[in-house]
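# Notes for the structure review
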Amino acid sequence: MSSVNKVILIGNLGKDPEVRYINETTPVANFTLATTESYKDKNGNRQDITEWHNIVVWRGLAEVAEKYLKKGKQIYVEGRLRTRSWDDKEGNKRYTTEIVADNFVMLGKKEGDGAEGQNSYQSQAQTKHEHVGEQAPAHDQIPIDDDLPF
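What this report covers is the structure whose coordinates are included nearby. Remember, predicted model here, so these are calculated numbers, not experimental data.

### Focus: the overall build of the chain
Assigned secondary structure in the chain consists of two helices and seven strands. N-terminal to C-terminal, the α/β element order of the chain is β-β-β-β-α-β-β-β-α. In the chain, the share of contacts with a sequence separation of at least 24, taken over all contacts with a separation of at least 6, comes to 51%. As presented, the chain carries roughly 11,500 Å² of accessible surface, and 46% of it is formed by carbon and sulfur atoms.

### Comments concerning the nonpolar core
Among the nonpolar cores identified, the biggest contains 19 residues, and Phe31, Ile55, Val57, Leu69, Ile75 and Phe104 are the most heavily contacted of them. Among the secondary structure elements, those contributing two or more residues to this core are β1 (7-13), β3 (26-40), β4 (46-58), α1 (59-68), β5 (74-87) and β6 (93-106).

### Points about the pattern of salt bridges
Summed over all chains, the structure comprises eight salt bridges. Between arginine 82 and glutamate 98 there is a salt bridge whose closest N-O contact spans 2.4 Å. Here arginine 82, found in strand β5, pairs with glutamate 98, found in strand β6; they are 16 residues apart in sequence, far enough to count as distant. Notably, a salt bridge pairs glutamate 98 with arginine 84, separated by 2.7 Å at the nearest N-O pair. A residue pair is termed long-range when its members are at least 10 positions apart, and glutamate 98 in strand β6 and arginine 84 in strand β5 qualify at 14 residues. In the salt-bridge network here, residues are joined through shared partners; they are Arg82, Arg84 and Glu98.

### Focus: the side chain of lysine 73
Here lysine 73 is to be found in the loop between α1 and β5. For lysine 73, the contacting residues outside a window of four places in its chain are Gly11, Asn12, Leu13, Met106, Leu107 and Lys109.

### Brief notes about the pairing of β1
Where β1 and β5 come together, six bridges link them in antiparallel fashion. Across the sheet, residue isoleucine 10 finds its bridge partner in β5, namely tyrosine 76. As paired strands, β1 and β3 are joined by two bridges and run antiparallel to one another. Residue pairing across strands places asparagine 12 opposite alanine 34, the latter belonging to β3.

### Thoughts on the pairing of β3
Where strand β2 (residues 18-22) lies against β3, five bridges are found, and the strand directions are antiparallel. What sits directly across from isoleucine 22, in β3, is threonine 26. The hairpin formed by β2 and β3 contains three residues between the paired strands, and asparagine 23 there has a positive phi angle of roughly 55 degrees. In this structure, β3 lies alongside β4, joined through 13 bridges in antiparallel fashion. Note that in β4 the partner of threonine 36 across the bridge is threonine 50. Count of turn residues in the β3/β4 antiparallel hairpin: five residues, of which glycine 44 carries a positive phi of about 85 degrees.

### Concerning α1
Along α1, the residues that are buried comprise Leu61, Ala62, Val64 and Ala65. One side of α1 holds all its buried residues, which, seen down the axis, span an arc of 160 degrees. Along α1, exposed side chains directed more than 90 degrees from the buried face belong to Arg59 and Lys67.

How each quantity is defined
- Residues numbered from 1 in each chain as written.
- Predicted model: local features only at pLDDT ≥ 70, side-chain atom pairs only at ≥ 80, totals over all residues.
- Heavy atoms only, no water.
- Helix = DSSP H or I, 4+ residues; strand = E, 2+ residues; numbered from the N terminus.
- Contact = heavy atoms within 4.5 Å.
- Areas by Shrake-Rupley, 256 points an atom, 1.4 Å probe, with all protein chains shown as cover.
- Core = buried A, V, L, I, M, F, W, Y, C linked by side-chain atoms within 4.5 Å.
- Buried < 20%, exposed > 50% of the residue type's maximum accessible area, 1.4 Å probe, protein only.
- Salt bridge = Lys/Arg side-chain N within 4 Å of Asp/Glu carboxyl O.
- Pairing = 2+ DSSP bridges.
- Arc of directions from axis to C-beta.

Set out below in structure tokens:
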């Protein structure tokens, strides 16, 4: 049986993406995303819990992030968890867990426009069908089984 490593987040950018280049040709962008849960405590006061997520995007998606994403912007992110380790200067083993994003959608209002809007971006690997010579069916051509229980 196969396994699944899928993360879906909606949150706000904690900082502008930082872009660097691997081998001078491959861009990679890093930024933080805040997600907040709210609840009422036993006294009826609203409490917020904010989680900070480290997001990584590669190649064309990194270039789009650099151009359009800004601190505070709300986005929808899809990706997968990845944990890396390294040894610091003192020889201690360090770990970090990050989300490697396959795509994101900018939510909220467009800059300079009062209208609500969405802009969706995804990695090039996601836009190509995995089987060579086979095209993905169009959305309206996917068969629907009416006997499904959900």
